[in-house]
Structures are given as structure tokens and as C-alpha cells.
Amino acid sequence: MSEGRRGLSLATRIFLGTAAILVVALGAALISVSTLGGPVAERAAKERIQASSSLLTAAEQQRQQQLRLLAENLAGSPDFKAYLADAIAARDRLSILDQLDERRGDLGYDLAIVTDQFGVVAARTDQREASGGSLADRPLVRRVREQFEGAAKQGAAEVSVM
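Reading guide: rules and limits
- Residues numbered from 1 in each chain as written.
- Predicted model: local features only at pLDDT ≥ 70, side-chain atom pairs only at ≥ 80, totals over all residues.
- Heavy atoms only, no water.
- Helix = DSSP H or I, 4+ residues; strand = E, 2+ residues; numbered from the N terminus.
- Expected span 1.5 Å × (residues − 1).
- Bend = angle between axes of the 7 residues up to and from the residue.
- Polar contact = N/O pair within 3.5 Å; in protein donor to acceptor, adjacent residues only side chain to side chain.
- Pairing = 2+ DSSP bridges.
- Core = buried A, V, L, I, M, F, W, Y, C linked by side-chain atoms within 4.5 Å.
- Buried < 20%, exposed > 50% of the residue type's maximum accessible area, 1.4 Å probe, protein only.
- Contact = heavy atoms within 4.5 Å.
- Phe/Tyr/Trp six-rings, centres within 6.5 Å; stacked < 30°, edge-to-face > 60°.
- Lys NZ or Arg CZ within 6 Å of the ring centre and 35° of its normal.
- Axes fitted to C-alpha atoms, helices over the stretch in contact; angles between N-to-C directions.
- Parallel < 35°, antiparallel > 145°, perpendicular 65-115°, else oblique.
- Nonpolar A, V, L, I, M, F, W, Y, C, P; charged D, E, K, R; others polar.
- Arc of directions from axis to C-beta.
- Salt bridge = Lys/Arg side-chain N within 4 Å of Asp/Glu carboxyl O.
- pLDDT = per-residue confidence, 0-100.

A. Representation of helix α1 (residues 10-74). Helix length check: α1, at 65 residues, gives a terminal C-alpha distance of 91 Å against a target of 96 Å (1.5 Å per residue), a fit within 8%. Of all the bends found along α1, the most pronounced is centred on Gly37 and spans about 35°, while Pro39, a proline, follows it within four residues.

Next up, the structure:
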């Protein structure tokens, strides 16, 4: 008199119950990780971006300092400045380029552009045949020209290097 078994066996019910508990536990874990982990990951990403930005800013400041020191070294000699001033006045592009090439070997710069006090190109090392174009509207040249004009008002004749 065995009655036909109806329903699921005990092992199947235990398996399904355990599986349901695991699915609920994993679902809860996923929800908590996504709600709590999202802001943590976002904060970590922001910190890394800020650190990268700080490194880039520091590298840019270091490069500007190197360029400033290079320019000061290039224009440090009064004889060199006087030679450039005379060559600019005589429009002697080849002499200026010769001096720049000689200094390039010592200082290792890539580009030098010499302008007169009005911002007109006297010589440049990247386009050796170029001269006469105006760079007066460029911010860097404009800043140097303003300094040059201030020195001229005080009676000083100066060759500025950027």
C-alpha cells in the first residue's frame, strides 16, 4: 500500500532550498557591492586623475623652469647680447644663425628664434631661410617686448631672450 509519491523528494527539496538561499545571498552581495563599491571606485578614480594632473602640472613647471634657465644661460654673456644686437641691426641672419648653432652645441636646445625689439624675426633655427615675419602678436613675444620697452624707457639697451 504504497501511495504514489507526490511532489519532490527530500534531496531535491534540500537542493532547491539551498540554491534559493545561495541566489538570495549572492543577489544581496551584488546589490551591496554595487551600491557601496560604486562610490569607492569613483573616489579612487578621481584620486588617480588628480594625482596624474598634479604630475603633469609638476612636469610642466619643471619644463618651464628648464627653459627659463636655458634662456638665462643663453643670454648670460654681455658679449653675446652685444653681438646679437649688432647682427640684428645689420640684418645679418647668417651671423645670428652661426652664433645660435654654436650655442646649441653647448646648451642642447632644439629651437631658437631671435626677433628685433618689434617682434620681427631676425633668424630662427628651425627655418633657416625665414626672416622678416612678425611674431609680435604672440603672447610670449608680447611679454618680452613689454619688458624690453620698460627697459628702454629707463635708458637701457637690452637684448632679451625668451
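B. Molecular detail of the side chain of Ser95. Assignment of secondary structure puts Ser95 in helix α3 (residues 93-107). Separated by 2.4 Å, the side chains of Ser95 and Asp92 make a polar contact.

C. Quick peek at the pairing of strand β2 (residues 121-124). Pairing between strand β1 (residues 113-115) and β2: three bridges, direction antiparallel. Opposite Ile113, over in β2, you have Arg124 as the bridge partner. Count of turn residues in the β1/β2 antiparallel hairpin: five residues, of which Gly119 carries a positive phi of about 90°.

D. Seen up close, the nonpolar core. Counting 13 residues, the largest nonpolar core has Phe80, Ile88, Ile96, Leu100, Tyr109, Val114 and Ala122 as the members making the most contacts within it. Sorting the residues of this core by element identifies α2 (78-89), α3 and β2 as the ones contributing at least two each. Broken down by element, this core gets its largest block of residues, four residues, from α2. With sequence-adjacent residues up to four places away left out, Phe80 is seen in contact with Leu74, Ala75, Gln99, Leu100 and Arg103.

E. Looking closely at the packing of aromatic side chains. Under the definition given, this model contains zero aromatic pairs. Over the ring of Phe80 we find Arg103; its NZ or CZ atom is 4.1 Å from the centre of that ring.

F. Highlighting the packing of α2 against α3. Where α2 meets α3, the axes come as close as 9 Å, and the angle between the chain directions of the two elements is 150°. As the angle between them shows, α2 and α3 are arranged roughly antiparallel. Here Phe80, Tyr83, Leu84, Ala87 and Ile88 of α2 come into contact with α3, specifically with Ser95, Ile96, Gln99, Leu100 and Arg103. Broken down by class, the residue content of the contact of α2 with α3 amounts to seven nonpolar, two polar and one charged.

G. Seen up close, α2. Its twelve residues give α2 an end-to-end C-alpha distance of 16 Å, which sits within 8% of 16 Å, the value for a rise of 1.5 Å per residue. Restricting attention to buried positions, one finds in α2 the residues Phe80, Leu84, Ala87 and Ile88. All buried residues of α2 lie within an arc of 100° about the axis, which places them on one face of the element. In α2, those exposed residues whose orientation departs by more than 90 degrees from the buried face are Pro78, Asp79, Asp86 and Ala89. The secondary structure elements touched by the buried residues of α2 are α1, α3, β1 and β2. In the segment just after α2, Arg91 is the residue with positive phi, at about 55°.

H. Geometry of the pattern of salt bridges. With the rule as written, the count across this model stands at five salt bridges. With a closest N to O distance of 2.5 Å, Asp101 and Arg128 form a salt bridge. In this pair, Asp101 is assigned in helix α3 and Arg128 in the loop between β2 and α4 (139-153), connecting sequence segments 27 residues apart. Note on Asp101: relative accessible area 30%, which makes it partly exposed. On the basis of relative accessibility, which here comes to 34%, the residue Arg128 falls in the partly exposed class. One salt-bridge network, held together by shared partners, links Asp101, Arg104 and Arg128.

I. Region of the structure containing the confidence of the model for the protein. On average, residues of the protein carry a pLDDT of 81, and 88% of them reach 70 or more. Ranking the helices and strands of the protein by mean pLDDT puts α1 first, with 89, and α4 last, with 69. Segment residues 154-158 is flagged for pLDDT under 50; beyond a separation of four residues in sequence, or across chains, it makes three contacts in the model.

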